[in-house]
Amino acid sequence: MQRRKLLGTGATALTAALGASYLSSCTIRREEDASAVNTNPKILWRMATSWPHSLDTIYGGAETISQRVKALSGGNFEIKPYAAGEIVPGLEVLDAVQAGSVECGHSASYYYIGKNPAFAFGTSVPFGLSAQQQNAWLYEGGGNELLNAVYADFGVFSFPAGNTGAQMGGWFKRKLQGLNSLQGLKMRIPGLGGKVMAQLGVNVQVLPGGEIYLALDRGAIDAAEWTGPYDDEKLGLSRAASFYYYPGWWEPGPTLTALVNQRAWNKLPSEYQEIFKTACYEANLSMLNRYDNLNGSALQRLLRGGTQLVPYDDQILQAAQEAAFQIYSDIANTDNDFRALFREWQIFREEVYAWNRVNEFSFANYSYNK
């Protein structure tokens, strides 16, 4: 009995000692882990955007990046977004990122086709890709690598960071009466869509979102496109024009882009770089989901308020498509960057159109007409 008691006492003591040792090692590991986390630098970036605060969904893309970067880094990496005009005007985000005035930005690549026409493919081009097709091209078809080869000349990296989905075709103060009614019309429309409209006789204007309503309301422009029902309602465009056209053939799936100064990027720890990429990926998907959720009910409110929904007639669509591909061909003949992107983009477009004609279009053509 005494021996068993001593053995029991010894076993208990050994167990206690092992337990204490284990707890001590856990404490040391936790302290080491905490120390490792704390070695990550505190970094604060500024992000200039092309959007006003009032457009919560598109500006929300920048906020999503900011929130996710902070959460995933344990608060050590923070990005503060700024609305258009708070640091630089909405159409000068690329300039600010290139100069290093800010470390990053959130914008639309096609705002900068005056610097390089190939930037149009980073957002959307007329009669191009849907949102899903655009994502497939950027992420899996080599599109973003091709774009970054162009952005490298500006000392900038780009990452897909939002998509509005297929857009509407703009607000018009008077109803269009065929192709000739576009002659001399003053319309806010950027990118290659603007170049197509110019070919059709439109006097094209490029304005940031926050300036569209006043220009349309005061008659400085006769028509304007922005994104879709939810944002257009927020901008009050239905109060300035009554005729709401569709489809937005110039932007069937436009991507918004996070722009990063290369020098700032190269200073980031690799962990922070991966966090930023992940945050942009989340922003890209979540923005599209939000718009699809919000646009349907917004359109119904607009229609109840007196908005007249009008389709573009086939004459305008056919002329626009012919003009678009002629413009692509003309630019490709004179610009190497555009030619390289256009060639790869066109191959992808033909293949994905052929596939989606079989699967998605056949389903939609049946279901949407029931």
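Our structure is the block above this text.
If you're wondering where the values come from, they're calculated on a predicted model, not measured in any experiment. (Residues numbered from 1 in each chain as written. Predicted model: local features only at pLDDT ≥ 70, side-chain atom pairs only at ≥ 80, totals over all residues. Heavy atoms only, no water.)

**Things to note about the overall build of the chain**
Operational definition: Strands are runs of DSSP state E lasting at least 2 residues, helices are runs of H or I lasting at least 4, and numbering of each runs from the N terminus. In this scheme, a residue with accessible area under 20% of its type's maximum is buried, one over 50% is exposed, and one in between is partly exposed, where area comes from a 1.4 Å probe on protein chains only. By definition, residues are in contact when any of their heavy atoms lie within 4.5 Å. In these tables, accessible area is a Shrake-Rupley quantity obtained with a 1.4 Å probe, and a residue counts as shielded only by the protein chains included in the view.
From N to C terminus, the chain includes 13 helices and 11 strands. Taken across its 370 residues, the chain has 51% of its residues classed as buried. The contacts in the chain between residues at least 6 apart in sequence include a share of 77% that link residues at least 24 apart. Accessible area of the chain: about 17500 Å², with a carbon and sulfur share of 51%.

**Describing the layout of surface pockets**
The line we're drawing: Here a cavity is any set of points on a 1 Å grid over the protein atoms alone where a 1.4 Å probe fits but cannot get out, and a pocket is any open set with protein on both sides within 12 Å along at least 5 of 7 lines; a residue lines the site when it has an atom within 4 Å of a point. Grid points are joined across faces, edges and corners, and a volume is the space filled by probe spheres set on the points. Residue classes follow a fixed rule: Ala, Val, Leu, Ile, Met, Phe, Trp, Tyr, Cys and Pro count as nonpolar, while Asp, Glu, Lys and Arg count as charged, and any other residue, Gly among them, counts as polar.
Counted as a void, the largest pocket has a volume near 1300 Å³. Looking at the largest pocket, it is lined by 37 residues, and the ones nearest its centre are S130, A166, P247, P252 and Y368. Of all the elements in the fold, those that place two or more residues in the lining of the largest pocket are α4 (131-139), α10 (270-304), α11 (314-334), α12 (336-358) and α13 (360-367). Residues of the lining of the largest pocket, tallied by class, amount to 18 nonpolar, 15 polar and 4 charged.

**Some details on a nonpolar patch on the surface**
Selection criterion: Patch criteria: residues need more than 30% relative accessible area and no salt bridge. Like-charged residues are merged within 9 Å; nonpolar side chains of Val, Leu, Ile, Met, Phe, Trp and Tyr are merged within 5 Å. Salt bridges, as used here, are contacts in which a Lys or Arg side-chain nitrogen is within 4 Å of a carboxyl oxygen on Asp or Glu.
A surface patch of nonpolar side chains, about 220 Å² in accessible area, is lined by Y246, L303 and L309. If you trace the backbone, L309 turns up in strand β11 (residues 308-311). The exposure class assigned to L309 is partly exposed, which follows from its relative accessible area of 34%.

**Observations regarding the sheet that holds strand β6 (residues 186-188)**
Counted only if it meets this: DSSP bridges decide pairing: two strands pair if at least two such bridges lie between them.
Pairing in this open sheet of 6 strands is mixed, and the strands run β7-β6-β8-β5-β9-β11 from one edge to the other. The sheet is open, and its two borders are formed by β7 (203-205) and β11, each paired with just one other strand. As paired elements, β6 and β7 share 3 bridges and run parallel to each other. What sits directly across from R188, in β7, is Q205.

**Comments concerning helix α2 (residues 58-72)**
Cut-off, in case you're wondering: What a helix should span is 1.5 Å times the count of its residues minus one.
Between its first and last C-alpha, α2 extends 22 Å over 15 residues, near the 21 Å set by a 1.5 Å rise per residue. Among the residues of α2, I58, Y59, G60, G61, A62, T64, I65, S66 and V69 are the ones counted as buried. Of the residues flanking the end of α2, it is G74, one or two places downstream, whose phi is positive at about 65°.

**Remarks on the pattern of salt bridges**
If you walk through the whole model with that rule in mind, you get 9 salt bridges. D95 serves as the salt-bridge partner of K115, at 2.8 Å between the closest nitrogen and oxygen. Within this pair, whereas K115 is found in the loop between β3 (104-107) and α4, its partner D95 is found in helix α3 (residues 93-99), the two being separated by 20 residues in sequence. The salt bridge involving R301 is made with E233; its shortest N-O contact spans 2.8 Å. Of the two residues, R301 is situated in helix α10 and E233 in helix α8 (residues 229-235); the sequence distance between them amounts to 68 residues.

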